[in-house]
Amino acid sequence: MRLSRYLVPTLKEIPAEAESLSHRLMLRAGLIRQLTAGAYSYLPLGWRVLRKIEQIVREEMDSIGSQELYLPALQPLDIWNETGRADVMDEIMFKFQDHKGRWMCLGPTHEEVITELARAYVHSYKDLPQQWYQIQIKFRDEVRPRGGLIRTRQFTMKDAYSLSTSQEDLDDWYMKNRQAYSNIFTRSGLRYFIVGAHSGPMGGSGSEEFMIPSDSGEDMIIICDDCGYLANLEIAMSKINHRGKLDIPMEDVETPEKRTIEEVAGFLGVPESETMKSVIYMLLPDEQPLLILIRGDLDVSEAKLEMALKGQEYRPAHPEEIKEMSGAEPGFIGPVGLKRDDIRVIIDDSIPDGVPFIGGANKDNFHTKGVTRGRDFDGESFDLRVAREGDQCSHCDSALRHEKAIEVGHIFKLGTKYSDSMGAMYLDENNIEKPIIMGCYGIGIERIMAGAIEVNSDENGIIWPMSIAPYQVIILPLDKRNEEIWEKAEEIYGKLWDAGIETLLDDRDASPGFKFKDADLFGIPIQIILGKRALKSGNAEVKVRKTGERTDVSLQSLLSDPVGSLPWLNDPTLSEPKE
RNA sequence: CGGGGAGUGGCGCAGUCCGGUUAGCGCGCCUGCUUUGGGAGCAGGAGGCCGAGAGUUCAAAUCUCUCCUCCCCGACCA
């Protein structure tokens, strides 16, 4: 492609809207343009990168025997009502009525459509196993799009769905996809972590996320450098050191207007870790009260709570309900002396038997010292707390650290959640009807692009890994009016394309400095610089964007054997992440 | 959804508090001449219902009201 006729609007100044590194560089390098919040036009250079990524994804999915198909983004709301997810995903679904008044939506994901397909075509164990995938657009009316392509309302996802007859076969598909994902991210020049994750509204028994460490990420992952434990902060485990057991009697102390843990601990002159936090929720749909107890200095992980409750829904209790139950204002609630006997109590294991804590007295302006589990109250034990940086690893006792990360892939063992609710059944060898066991596996295509930029750039611009670079080579004739330079540039350009090397020719009438700056900004891995100096000696100058290394290569060999004279084309280190 | 910030040629901004010439500057764009190894110089140009609507006023980018949009933090989120 000739740059003079190419839509690559590079910017010298950074648009004010861009905050994250990848967003700034994508705008500056002319890869994308925002149309509205969370929706971007992909300009030619950006689109080429996305297509490269898709191709890598396609090859790896095909290689594990996954079949590519294409499902509609336009979907009737009915199928979402079958699984009950019309309600669960209500907030993020783009919904509207067609001209007949039927409710439709733009698919935020495709489990329902896939299950409908399976229900229609899979009837026998002989039809299984199967894995189907697509590379398709998703629509999610995100409350807050952010970070350029990190979170958008319209994006491309590779989503795959495995259909199995047994848990073992699901496990097998899960591992195959896991391996394919590892290949995809490695080939795309990304350094990634696989972390244990929370399944959320997808449901199912287990899931893992593929994470690229980056300050622009929205997720927090917990890392143990010693034993390699990795998990999303939402579900990360950590070890708790308990104080010694002590048998002291309960004693009410006056704590006027001290409601928060911080206020109470400060007022009584004790560390927050010697206090106990009590939170009351109402379980739905029965309105059964739920008391959650956790050490005062720790926080409850919503994801862990959701798992402890096995997905049962809940809501925060109203202040009147709390008052009725405890006889005190919120801020003075504790586990001892509550006025409801149907209350369910779940306790984080930061509150062990025999260790006294300071808790609410269920009496306005009073707390109780010496409240002790096992003696004064008890309940179900769970790990509910959010792990903190510096906490001990639950596997090896080393200190945990955390890091921000971009989620680029997520794999789930769904089980029979969708096949049960939508009736996707098959007959087994014994003529018994069974639900199909499903898995689903997603990759965010744009996030790979954004992630690759986050990880591979310097102060001058993007440094594309060779594997996903929009072009491998850019030719920079520095003096357009020097006919010899111009002719050589054209000649090399033609030869490179003949040899199958994707090449850009900067044929713009611009100053050398301008071309250098743009070439660095674009991040094309190999620059071929044609100036008078080099030409005099019969050489072109080859600059490797990633290393800055410059080498003279004879024009003769470039023309006769382009691939052979550019060994960098096949240098694997140019497809690896920096450092 | 809570908090904060911002809408002025394609991009970055000034002007707004304190109303008053043809609304400025830089980048980019067009024409000409010069220039050519790290975002060239000079000269001459084109391009703006100042986010939208209503109001106040002799007069509104500027004051008032309503609305819309975008960004950031948080909550939320395959």
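1. Focus on a negative patch on the surface
- On the surface, Asp87, Glu302, Glu306 and Glu313 cluster together into a negatively charged patch.
- Examined against the element boundaries, Asp87 turns out to sit in helix α4 (residues 85-88).
- A relative accessible area of 66% places Asp87 in the exposed class.

2. Examining the environment of Ile56
- For Ile56, the location among the structural elements is in helix α2 (residues 44-63).
- With a relative accessible area of 5%, Ile56 lands in the buried category.
- The sequence separation of Ile56 and Ser188 amounts to 132 residues, and the corresponding C-alpha distance is 7.7 Å.
- With residues up to four places along the chain from it excluded, the contact list for Ile56 reads Ile184, Arg187, Ser188, Ser467 and Ile468.

3. Points about the sheet that holds strand β28 (residues 503-505)
- If you trace the five strands from one edge of the open sheet to the other, you get β28-β27-β29-β30-β31, paired in mixed fashion. With partners counted over all chains shown, the strands left at the sheet margins are β28 and β31 (550-554), one partner each. Strand-to-strand twist of the sheet, defined as the mean angle between neighbouring strand axes without regard to direction, takes the value 25 degrees.
- Note: strand β27 (residues 473-477) against strand β29 (residues 526-530), five bridges, orientation parallel.

4. Overview of the domain arrangement of chain A
- Segmenting chain A into domains produces domain 1 (47-72 + 108-236 + 402-453), domain 2 (251-382) and domain 3 (464-575).
- With centres defined by C-alpha atoms, the gap from domain 2 to domain 3 works out at 68 Å.

5. Overview of unusual backbone geometry
- The omega torsion of the bond from Leu128 to Pro129 falls at 0 degrees, within 30 degrees of zero and hence cis.
- By secondary structure assignment, the location of Pro129 is in the loop between α5 (111-121) and β7 (130-139).
- The phi angle at Asn365 is positive, at roughly 65 degrees, despite the residue not being glycine.
- Examined against the element boundaries, Asn365 turns out to sit in the loop between β18 (356-360) and β19 (366-372).
- In this structure, Asn431 is a non-glycine residue whose phi angle is positive, near 65 degrees.
- Within the secondary structure, Asn431 is located in the loop between β22 (425-427) and β23 (433-435).
- Note on Asn431: relative accessible area 59%, which makes it exposed.

6. Some words on the packing of aromatic side chains
- A complete count under the given rule lists 10 aromatic pairs for this structure.
- Ring centres of Phe185 and Phe210 lie 5.4 Å apart, and the angle between their planes is 40 degrees; on these two criteria the pair is classed as tilted. Of this pair, Phe185 sits in helix α6 (residues 167-187) while Phe210 is found in strand β10 (residues 206-213), placing the two residues 25 residues apart along the sequence.
- With 5.0 Å between their ring centres and 75 degrees between their planes, Tyr281 and Tyr314 make a pair best called edge-to-face. Of this pair, Tyr281 sits in strand β14 (residues 276-283) while Tyr314 sits in strand β16 (residues 314-316), placing them 33 residues apart in sequence. Accessibility assignment for this pair places Tyr281 and Tyr314 in one class, buried.
- Here a set of aromatic residues connected by ring pairs shows up, and it is made of Tyr181, Phe185, Tyr192 and Phe210.
- Its guanidinium or amino end placed over the ring of Tyr471, Arg48 lies 4.0 Å from that ring's centre, counting from NZ or CZ.
- Over the ring of Trp173 we find Lys176, and its NZ or CZ is 4.1 Å from the ring centre.

7. Overview of the pattern of salt bridges
- This structure, assessed with the given rule, holds 52 salt bridges.
- Salt bridges here are not isolated pairs; linked through shared partners, they connect Glu142, Arg146, Arg151, Glu218 and Arg447.

8. Quick word on the environment of Pro213
- Structurally, Pro213 can be placed in strand β10.
- Residue classification places Pro213 among the partly exposed residues on the basis of a relative accessible area of 22%.
- Apart from the residues within four sequence positions on either side, Pro213 is in contact with Arg191, Phe193, Glu403, Lys404, Ala405 and Val455.

9. Observations regarding the packing of α2 against helix α11 (residues 445-455)
- Between α2 and α11, the least distance of the axes is 9 Å, while the angle of their chain directions is 115 degrees. In terms of their interaxial angle, α2 and α11 are classed as roughly perpendicular. Crossing handedness for the pair α2 and α11: right-handed. Together, Gly46, Val49, Leu50, Ile53, Glu54 and Val57 of α2 and Ile445, Glu446, Ile448 and Met449 of α11 make up the contact between the two elements.
- For the contact of α2 with α11, the class distribution of residues is seven nonpolar, one polar and two charged.

10. Describing the environment of Ala308
- Looking at where Ala308 falls in the secondary structure, it is placed in helix α8 (residues 302-308).
- Owing to a relative accessible area of 7%, Ala308 belongs among the buried residues under this scheme.
- Ala308 sits 46 residues away from Glu262 along the chain, and the two C-alpha atoms are 27 Å apart.
- Sequence-distant contacts of Ala308, that is, excluding residues within four places in its chain, are made with Arg344, Phe382 and Leu384.

11. Re the sheet that holds strand β6 (residues 103-106)
- Pairing in this open sheet of three strands is antiparallel, and the strands run β4-β6-β5 from one edge to the other. One side of each edge strand has no neighbouring strand; the edge strands of this open sheet are β4 (74-76) and β5 (94-97). With direction set aside, neighbouring strand axes in the sheet form an average angle of 35 degrees.
- Note: β5 against β6, four bridges, orientation antiparallel. Looking at β6, one finds that Phe96 is bridged to Met104.

Each value, and the rule that gives it
Residues numbered from 1 in each chain as written. Chains lettered and ligands numbered in written order. Predicted model: local features only at pLDDT ≥ 70, side-chain atom pairs only at ≥ 80, totals over all residues. Heavy atoms only, no water. Patch = residues over 30% accessible without salt bridge, like charges linked within 9 Å, V, L, I, M, F, W, Y side chains within 5 Å. Areas by Shrake-Rupley, 256 points an atom, 1.4 Å probe, with all protein chains shown as cover. Salt bridge = Lys/Arg side-chain N within 4 Å of Asp/Glu carboxyl O. Lys, Arg positive; Asp, Glu negative; His and termini not counted. Charge placed at Lys NZ, Arg CZ, Asp CG, Glu CD. Helix = DSSP H or I, 4+ residues; strand = E, 2+ residues; numbered from the N terminus. Buried < 20%, exposed > 50% of the residue type's maximum accessible area, 1.4 Å probe, protein only. Contact = heavy atoms within 4.5 Å. Pairing = 2+ DSSP bridges. Axes fitted to C-alpha atoms, helices over the stretch in contact; angles between N-to-C directions. Domains from an automatic or database assignment. Phe/Tyr/Trp six-rings, centres within 6.5 Å; stacked < 30°, edge-to-face > 60°. Lys NZ or Arg CZ within 6 Å of the ring centre and 35° of its normal. Parallel < 35°, antiparallel > 145°, perpendicular 65-115°, else oblique. Left-handed = near helix turned anticlockwise from the far one by under 90°. Nonpolar A, V, L, I, M, F, W, Y, C, P; charged D, E, K, R; others polar.

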